[in-house]
Amino acid sequence: MRIDKLLTTMGLATRSEASKAVRKGQIKVNGIIISKSDKKVDPEKDSIEYMGKPVVYMKNIYIMLNKPSGIVSSTDGKDGETVISLLPEELQKCGLFPCGRLDKDTLGFVLLTNDGSTAHYLLSPKRHVSKVYFVKTEFAVTQDDITKLENGISLDHGDTALPAKVEKIGDNELYITIVEGMYHQIKRMLEAVNNKVIYLERVEFGTIPLDTNLQRGEWRYLTKQEIDILLKQTK
Ligand code: URA
């Protein structure tokens, strides 16, 4: 693979930044400064240094993004600004996409990846990957409502939600854990108990909590441990 392609695929540089770094002698392959940005490297075997730092090759990218309200969980900007547009330019061209969708007005954890098969497994209803939401409701939630949600509840359009885990933290505030990802699922579950969601935030995905150091609109790479946790759930 060409060194400039490697750096762009990993989201470390744009093509022009890679050529500039080559011109400035800022890229080393196996300890030797390279002079051409089309130099072929084997990312699995060669030791590569970019701007003084070792390049740790990862075939796939996994990103945790703290989605603000008003942003669309999509790669296509026809319905407004997308989660992809919150990433730096070099990462916008790596084929990243959101693993599952949050509504435009929902906030919190969106997993972005370019690993299609892992995303496919994580989204498969058969895998029961858990998602935890912090929910504020218009009306107080009763114990009877909680029992219904915990037993699995009939939704509109003939759907049924599997039993959810519900933790009440205030009259109008809950944590709800679900293992599916039906369209507007949490909103529809609350509608089914004659209530209404007024605030919705995903605070955990696949047992990985949203990093509280990330401000809305900020992102970071998943750590190696977090990636392992996700990959285990696809086996
Ligand atoms: N449930 C919803 O209703 N909306 C979301 O964005 C996610 C889960």
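Structure: see above.
Residues numbered from 1 in each chain as written. Predicted model: local features only at pLDDT ≥ 70, side-chain atom pairs only at ≥ 80, totals over all residues. Heavy atoms only, no water.

Asker: Can you help me understand helix H6 (residues 224–232) in this one?
Answerer: Helical geometry: 3.6 residues make up each α-helical turn, so side chains three or four residues apart lie on a common side. Among the residues making up H6, those that are buried are Glu226, Ile227 and Leu230. Taken end-on, H6 shows its buried residues confined to a sector of 100°, consistent with a single buried face. Projecting away from the buried face of H6 at angles above 90 degrees are the exposed residues Lys224, Gln225 and Lys232. Looking at the buried side of H6, the elements it contacts are strand E5 (62–67), strand E7 (107–113), helix H3 (116–123), strand E13 (197–205), strand E14 (208–209) and strand E15 (219–221). (Buried < 20%, exposed > 50% of the residue type's maximum accessible area, 1.4 Å probe, protein only. Helix = DSSP H or I, 4+ residues; strand = E, 2+ residues; numbered from the N terminus. Arc of directions from axis to C-beta. Contact = heavy atoms within 4.5 Å.)

Asker: Which parts of the structure should I look at to understand the nonpolar core?
Answerer: Most often, soluble globular proteins have nonpolar side chains that are buried together. Formed by 32 residues in total, the largest nonpolar core has its most connected members in Leu96, Leu112, Val135, Ile176, Ile186 and Met189. Contributions of two or more residues to this core are made by E5, E7, strand E8 (131–137), helix H4 (143–151), strand E12 (173–178), helix H5 (185–191) and E13. Discounting chain neighbours no more than four positions away, the residues touching Met189 are Leu149, Ile153, Leu155, Ala161, Ala164, Ile176 and Ile178. (Core = buried A, V, L, I, M, F, W, Y, C linked by side-chain atoms within 4.5 Å.)

Asker: Help me understand the pattern of salt bridges, please; the structure alone is not making it clear to me.
Answerer: Once the charged atoms of two side chains with opposite charge are near each other, the side chains can pair. All told, the structure shown has 14 salt bridges when counted by the stated rule. Of the charged contacts in the structure, one is a salt bridge between Asp42 and Lys45, with a shortest N-O distance of 3.8 Å. The exposure class of Lys45 is exposed, given its relative accessible area of 70%. A salt bridge links Asp79 to Lys78, with the shortest nitrogen-to-oxygen separation between them at 3.7 Å. (Salt bridge = Lys/Arg side-chain N within 4 Å of Asp/Glu carboxyl O.)

Asker: Honestly, the site of the ligand in this entry has me stumped. Any pointers?
Answerer: Near the ligand you find Leu102, Asp103, Thr106, Tyr133, His184, Gln185, Ile186, Lys187 and Leu200, and these make up its full shell. Measuring from a nitrogen atom of the ligand, one finds a backbone N or O atom of Ile186 at 3.1 Å. When the ligand is considered free in solution it has 240 Å² of accessible area, and contact with the protein chains removes 96% of it. Ranked by the residues each element gives to the shell around the ligand, the list is headed by H5, at three residues. Residue composition of the shell around the ligand, grouped by class: four nonpolar, three polar and two charged. (Near = heavy atom within 4 Å. Polar contact = N/O pair within 3.5 Å; in protein donor to acceptor, adjacent residues only side chain to side chain. Areas by Shrake-Rupley, 256 points an atom, 1.4 Å probe, with all protein chains shown as cover. Nonpolar A, V, L, I, M, F, W, Y, C, P; charged D, E, K, R; others polar.)

Asker: Looking at this structure, how should I read the sheet that holds strand E1 (residues 27–29)?
Answerer: Within a sheet, neighbouring strands are paired by backbone hydrogen bonds and run either parallel or antiparallel to one another. The strand order E2-E1-E3-E4 describes an open sheet built from four strands, whose pairing is antiparallel. The open sheet has two free edges, formed respectively by strand E2 (32–33) and strand E4 (53–54), since each of these has just one partner strand. (Pairing = 2+ DSSP bridges.)

Asker: Sorry if this is basic, but what is going on with H4 here?
Answerer: Regarding H4, the residues found buried are Asp145, Ile146 and Leu149. Seen along its axis, H4 keeps its buried residues to an arc of 100°; they face one direction. Residues of H4 that are exposed and point over 90 degrees away from its buried face: Gln143 and Asn151. Contacts made by the buried residues of H4 are with strand E9 (153–154), strand E11 (165–170) and H5.

Asker: For this particular structure, what's the right way to read the environment of Val110?
Answerer: In this structure, Val110 sits in strand E7. Val110 gets classed as buried once you look at its relative accessible area, which sits at 1%. Sequence separation of Val110 and Phe97 is 13 residues, and the distance between their C-alpha atoms is 9.8 Å. Leaving out residues up to four positions away in the same chain, Val110 has contacts with Ile63, Met64, Leu65, Lys67, Ser73, Pro98, Leu102 and Arg202.

Asker: Mind showing me how you'd approach the side chain of Arg202 here?
Answerer: Along the polypeptide, Arg202 turns up in strand E13. At 2.9 Å, the side chain of Arg202 forms a polar contact with the backbone oxygen of Phe109. A polar contact is formed between the side chain of Arg202 and the side chain of Tyr133, at a distance of 3.3 Å. The contacts of Arg202, once residues within four sequence positions are left out, are Cys99, Leu102, Leu107, Gly108, Phe109, Val110, Lys131, Val132, Tyr133 and Leu210.

Asker: Is there a simple way to explain the packing of aromatic side chains in this structure?
Answerer: Here the distance between the centres and the angle between the planes together describe a pair of aromatic rings. Under the criterion given, the structure shown has four aromatic pairs. A centroid spacing of 5.9 Å and a plane angle of 70° characterise the contact between Phe134 and Tyr199, whose relative ring orientation is edge-to-face. Residue Phe134 is located in strand E8, and its partner Tyr199 is located in strand E13; the two are separated by 65 residues in the primary sequence. What makes Tyr199 partly exposed here is its relative accessible area of 24%. Residues Trp219 and Tyr221 carry aromatic rings whose centres are separated by 5.3 Å and whose planes lie at 85° to one another, so their mutual orientation is edge-to-face. Assessed through its relative accessible area of 25%, Trp219 is described here as partly exposed. For Tyr221, a relative accessible area of 29% corresponds to the partly exposed category. Among the aromatic residues, ring-to-ring pairing joins Phe134, Tyr175 and Tyr199 into one connected group. The ring of Tyr199 is capped by Lys136, whose NZ or CZ atom sits 5.2 Å from the centre of that ring. (Phe/Tyr/Trp six-rings, centres within 6.5 Å; stacked < 30°, edge-to-face > 60°. Lys NZ or Arg CZ within 6 Å of the ring centre and 35° of its normal.)

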